[in-house]
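A look at the structure
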Amino acid sequence: MRIIPLRGAGVAWFKCPACRLKCWPTAVGPDGQCPRCGEARMLKLSFGGRATASDGGRS
């Protein structure tokens, strides 16, 4: 199964502390375990967040 990458602000990834696998939320099972090693505790990583400062109101 191919997983399509997520893009844009507020994209979340999961990282396994045991095997260091980084994956998208869709790859993590419904029980929240790592798809590679079965570790029960996945760390959530967020990239993006808020947009940067605007251009000062120019039109």
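For the structure itself, look to the data block above.
What this report covers is the structure whose coordinates are included nearby. (Residues numbered from 1 in each chain as written. Predicted model: local features only at pLDDT ≥ 70, side-chain atom pairs only at ≥ 80, totals over all residues. Heavy atoms only, no water.)

A few words on the overall build of the protein. Helices and strands together make up the secondary structure of the protein, namely 0 helices and 3 strands. Looking at the protein as a whole, 17% of its 59 residues are labelled buried. Roughly 4,900 Å² of accessible area belongs to the protein as shown, and the carbon and sulfur atoms make up 52% of that amount. (Helix = DSSP H or I, 4+ residues; strand = E, 2+ residues; numbered from the N terminus. Buried < 20%, exposed > 50% of the residue type's maximum accessible area, 1.4 Å probe, protein only. Areas by Shrake-Rupley, 256 points an atom, 1.4 Å probe, with all protein chains shown as cover.)

What follows deals with the pairing of strand β1 (residues 11–15). Of the strand pairs in this sheet, β1 and strand β2 (residues 22–23) are connected by 2 bridges, and their pairing is antiparallel. What sits directly across from Phe-14, in β2, is Cys-23. Two successive antiparallel strands, β1 and β2, enclose a turn made up of 6 residues, where Arg-20 displays a positive phi of approximately 65 degrees. (Pairing = 2+ DSSP bridges.)

Let's shift gears to the nonpolar core. Ranked by size, the top nonpolar core spans 7 residues in total: Phe-14, Cys-16, Leu-21, Cys-23, Val-28, Cys-34 and Met-42. If we ignore the near neighbours within four places in the chain, the residues touching Phe-14 are Leu-21, Lys-22, Cys-23, Trp-24, Pro-25, Val-28, Met-42, Leu-43 and Lys-44. (Core = buried A, V, L, I, M, F, W, Y, C linked by side-chain atoms within 4.5 Å. Contact = heavy atoms within 4.5 Å.)

Turning next to the state of the cysteines. In the structure shown here, the tally under the stated rule is 0 disulfides. Cys-16 forms no disulfide, and the closest cysteine sulfur to it belongs to Cys-37, at a distance of 3.6 Å. Judged by its relative accessible area of 0%, Cys-16 is buried. (Disulfide = S-S within 2.5 Å.)

Moving on, we come to the packing of aromatic side chains. As enumerated under the stated definition, the model contains 1 aromatic pair in all. Here Trp-13 and Trp-24 contribute two aromatic rings whose centre-to-centre distance is 5.0 Å and whose plane-to-plane angle is 40 degrees, an arrangement assigned as tilted. Pair noted here: Trp-13 is in strand β1 and Trp-24 is in the loop between β2 and β3 (43–47), with a separation of 11 residues, a long-range link. Under the relative-accessibility criterion, Trp-13 is labelled partly exposed at 24%. (Phe/Tyr/Trp six-rings, centres within 6.5 Å; stacked < 30°, edge-to-face > 60°.)

The next point concerns unusual backbone geometry. With a phi angle near 65 degrees, Arg-20 is a residue other than glycine that sits in the positive phi range. Look at Arg-20 and you get exposed, because its relative accessible area is 64%.

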